[in-house]
Amino acid sequence: MIESNIMWKRILPELKKQVDSQTFNTWFEKTEEFSFVNNTLTIKAPTKFFADWLEQHYKSIVEEIAYNITAQNIDIDFIGSSNNTKKTTMKSIIDSTKESGLNSRYTFERFVVGNNNNFAYSAAQAVADKPGKIYNPLFIYGGVGLGKTHIMQAIGNYIINNDKKNRNILFSASQDFINEMISAIQTNTIINFRKRFRNFDVLMIDDIHFFAGKEGSQEEFFHTFNTLYNAKKQIILTSDRPPKEIQDLQERLISRFEWGLLTDIKKPNFETRVAILRQKCIEEDVTMNNEVIDYIANTFDDNVRQLEGSLIKILAYTSYKKIKPHQIKIDEVKEMLADLIANQKKPITLDIIQEEVAKYFEIGKNQIKEPTRKKEIAFPRQIAMYLSTKLIPHTSLLEIANHYNKKDHTTIIHAKKIISNKIADDPNLKSKINEIIQNING
């Protein structure tokens, strides 16, 4: 039995050896042990933002240090100091979320609703109120960092906290499902694996697109899906694209994923980005100038993680400098976020791909759209279509077809197949396409 209240004190010196002094002073100096129950060590950070950041960036490192010290698997959980929950309550939350794989911070209350996600939000609430009875399966798709995982887990947390039936819930990343299946095959325990995943009232699989090309995993999940669906259990899935656009996915799985409701989450507009930042400030009980908030919202328009990352950096800076967030000047913010801005990739668009392909083959940008079968035009056009599916996977095939003045998405599928086959047989073409990709990214 490891003595409570000293575990964190044993971890911190080892952690200090692995990070630089400024990082340690900024992120760990003001942390303290909150509880240590059932091999779950809960650490209190100055704010929820600090807790979220530590959870995302240092959880695995801290757990490794804890294992090296104790030779036991210690689960690390970070909470914000503004959370005044009693330890007994916190223990029950930790136990329930640990068993289900859920993060208790992902709730409907903390999800900012805008035009980009309001339909997905409404659908998620409907599923949370009546799991297994409406929108089954619920399939949520969209780009990275837009809130798919948050809204999926919000369903699970709502059911845990409000449903009186004590439903059996599991949230699992697709990679975890795959790894568990591989382990079950190696240890001859596949029957136990099947019983485990087919015995839930609510099963949530995150990033289902990683099943692409993995025939064994698809086979297992097909039967898992059927078992749960026939028993009227709720299935919730997320992906970075709609089912029909997931390459190397069995048609029968695509068909089942479309049985329920497909809903997407798009990039937030300026007003929603401002609302997200203000909501985060409220959660942290901090005040920040509107000028600063508007600057962040204007600068980082790709996803929610960028917004939160920039705000976390500002709060870390103000904490380190011992100043109030509202006292920071816009010039300081611009300088502080310069590296994040520099690291932002210029978003790849259909226009950019069209322009770079045309430039490479020395034809006019608009020529590539001309309805001709001449090889000097048709072949670059096929390459542009192929690259559009490869470099902008969230864009629908129909949207690509419309961009090139084609009637339907079958033209894009054909172009993709043609170029893929040519690349496999022609290393020189593969080299050319890689060069075009570099030009697009550059």
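Enquirer: Which residues make up the environment of Asp 331, and what values go with them?
Expert: Following the sequence through the fold, Asp 331 ends up in helix H15 (residues 330-336). Taking the C-alpha atoms as reference points, Asp 331 and Ile 436, 105 residues apart in sequence, are found 38 Å from one another.

Enquirer: Before we move on, can you summarise the nonpolar core with the specific residues and values?
Expert: Soluble, globular proteins show a tendency: their nonpolar side chains are buried together. Counting 48 residues, the largest nonpolar core has Trp 8, Phe 28, Leu 41, Ile 296 and Ile 314 as its most contacted members. Considering each element in turn, this core owes the most residues, seven residues, to helix H14 (residues 304-321). Setting aside chain neighbours within four positions, we find Phe 28 in contact with Trp 8, Leu 12, Leu 15, Thr 23, Leu 54 and Tyr 58. With 28 residues, the next largest nonpolar core counts Phe 379, Ile 423, Ile 433 and Ile 436 among its residues.

Enquirer: Which residues make up the pattern of salt bridges, and what are the values?
Expert: Taken as a whole and assessed by the stated rule, the structure comprises 15 salt bridges. Residue Asp 264 is joined to Lys 266 by a salt bridge in which the shortest nitrogen-to-oxygen separation is 2.8 Å. Accessibility expressed as a relative area gives 49% for Lys 266, which makes it partly exposed. The network of salt bridges with shared partners includes Glu 55, Lys 59, Glu 63, Asp 75 and Arg 105.

Enquirer: Before we move on, could you go through the sheet that holds strand E3 (residues 75-80) and cite the residues and values that matter?
Expert: Pairing within the open sheet is mixed, and its three strands lie in the order E1-E2-E3. Only two strands of the sheet have a single neighbouring strand rather than two, namely strand E1 (32-37) and E3. For this sheet, the mean angle separating the axes of adjacent strands, direction not counted, is 25°. Across five bridges, the pairing between E1 and strand E2 (residues 40-45) is antiparallel. Considered in E2, the bridge of Val 37 is made with Thr 40.

Enquirer: How would you sum up the sheet that holds strand E6 (residues 202-206)? Please name residues and give values.
Expert: One open sheet accounts for five strands, arranged E5-E6-E7-E4-E8; its pairing is parallel. Both outer strands of the open sheet, strand E5 (169-173) and strand E8 (261-265), are each paired with one neighbouring strand and no more. Each neighbouring strand pair of the sheet contributes to a mean axis angle of 15°, computed without reference to strand direction.

Enquirer: Hey, could you go over helix H12 (residues 270-284) for me, with residue numbers and the actual values?
Expert: Two residues of an α-helix separated by three or four positions point the same way, owing to the 3.6 residues in each turn. Here H12 is 15 residues long and its end C-alpha atoms lie 21 Å apart, about the 21 Å a rise of 1.5 Å per residue gives. Of the positions making up H12, those classed as buried are Thr 272, Arg 273, Val 274, Ile 276, Leu 277, Lys 280, Cys 281, Glu 283 and Glu 284. Contacts made by the buried residues of H12 are with helix H3 (48-57), helix H13 (290-299) and H14. Asp 285 lies just past H12 and shows a positive phi near 55°.

Rules and cut-offs
- Residues numbered from 1 in each chain as written.
- Predicted model: local features only at pLDDT ≥ 70, side-chain atom pairs only at ≥ 80, totals over all residues.
- Heavy atoms only, no water.
- Helix = DSSP H or I, 4+ residues; strand = E, 2+ residues; numbered from the N terminus.
- Core = buried A, V, L, I, M, F, W, Y, C linked by side-chain atoms within 4.5 Å.
- Buried < 20%, exposed > 50% of the residue type's maximum accessible area, 1.4 Å probe, protein only.
- Contact = heavy atoms within 4.5 Å.
- Salt bridge = Lys/Arg side-chain N within 4 Å of Asp/Glu carboxyl O.
- Pairing = 2+ DSSP bridges.
- Axes fitted to C-alpha atoms, helices over the stretch in contact; angles between N-to-C directions.
- Expected span 1.5 Å × (residues − 1).

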